[in-house]
Amino acid sequence: MVRHQVIADWDATYDDPILLNKGEELWLTGKSADWDGYVWVWAKNEAGQEGWIPDNLAKDVDGKTFANTEFSALELTCRQGEALHGTAEIHGWVLCKNSVGSVGWVPAKNLARIANT
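Residues numbered from 1 in each chain as written. Predicted model: local features only at pLDDT ≥ 70, side-chain atom pairs only at ≥ 80, totals over all residues. Heavy atoms only, no water.

Caption draft 1: Examining the sheet that holds strand S9 (residues 83-90) more closely. Read across the open sheet, the five strands follow the order S11-S10-S9-S1-S12; overall the sheet is antiparallel. A single partner strand is all that each edge strand has here, and the edge strands are strand S11 (103-107) and strand S12 (111-113). In this sheet, neighbouring strand axes are inclined to one another by 45° on average, regardless of whether the strands run parallel or antiparallel. Two strands pair when backbone bridges link them, and strand S1 (residues 2-6) and S12 are joined in this way by three bridges, in the antiparallel orientation. (Pairing = 2+ DSSP bridges. Helix = DSSP H or I, 4+ residues; strand = E, 2+ residues; numbered from the N terminus. Axes fitted to C-alpha atoms, helices over the stretch in contact; angles between N-to-C directions.)

Caption draft 2: Structural context of the packing of aromatic side chains. Enumeration over the complete set of coordinates arrives at seven aromatic pairs. Residues tryptophan 10 and tryptophan 35 carry aromatic rings whose centres are separated by 6.4 Å and whose planes lie at 80° to one another, so their mutual orientation is edge-to-face. Of this pair, tryptophan 10 sits in the loop between S1 and strand S2 (19-20) while tryptophan 35 sits in strand S3 (residues 25-35), and the two are 25 residues apart along the sequence. Their ring planes at 35° and their centres at 6.0 Å tell us that phenylalanine 71 and tryptophan 105 sit as a pair that is tilted. Highlighted residues: phenylalanine 71 in strand S8 (residues 71-72) and tryptophan 105 in strand S11, separated in sequence by 34 residues. Side by side, phenylalanine 71 and tryptophan 105 carry an identical accessibility label, which is buried. Taken together, the ring pairs connect Trp10, Trp35, Trp40 and Trp93 into an aromatic cluster. Taking the ring centre of tryptophan 42 as reference, the NZ or CZ of lysine 31 above it sits at 4.5 Å. Positioned above the aromatic ring of tryptophan 35 is the side chain of lysine 109, whose terminal nitrogen or guanidinium carbon lies 4.6 Å from the ring centre. (Phe/Tyr/Trp six-rings, centres within 6.5 Å; stacked < 30°, edge-to-face > 60°. Buried < 20%, exposed > 50% of the residue type's maximum accessible area, 1.4 Å probe, protein only. Lys NZ or Arg CZ within 6 Å of the ring centre and 35° of its normal.)

Caption draft 3: Spotlight on the environment of glutamate 75. Within the element layout of this structure, glutamate 75 appears in the loop between S8 and S9. Glutamate 75 sits 63 residues away from alanine 12 along the chain, and the two C-alpha atoms are 5.0 Å apart. In this structure glutamate 75 touches Trp10, Asp11, Ala12, Thr13, Tyr14, Trp93, Gly104 and Trp105, once residues within four positions along its chain are discounted. Among the polar contacts listed, one links the side chain of glutamate 75 to the side chain of tryptophan 10, at a separation of 3.0 Å. (Contact = heavy atoms within 4.5 Å. Polar contact = N/O pair within 3.5 Å; in protein donor to acceptor, adjacent residues only side chain to side chain.)

Below is the structure:
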């Protein structure tokens with residue numbers, strides 16, 4: 001785990017973020033966005049949830065699109081000065097855990113790595 005300090009507040013964007021299971025079929029709308037140099041695409045899962053996913057999580061097989069890994073777009077609301085533990089990074093976001101055990105994604109640009117002592 002990598003320790004981080006929040007350098008700018010972040011508020012979670014979506015109340016019902018998209019969740020993907022590995023191998024689940026999904027549908028891409030054609031809408032895409034650049035986030036700090038990374039491509040995100042708007043997707044819909046089998047349960048009808050919609051949201052942004054990293055473009056490299058979708059794979060085409062025989063004209064259908066599938067998730068090539070599990071993914072949750074759950075974001076973590078955090079405040080400047082808060083210490084977080086990062087467990088993964090993808091497309092400019094860090095998957096973090098706070099002091100009470102809540103987990104979610106935070107933009108990397110809102111975080112500073114804390115050197116291990």
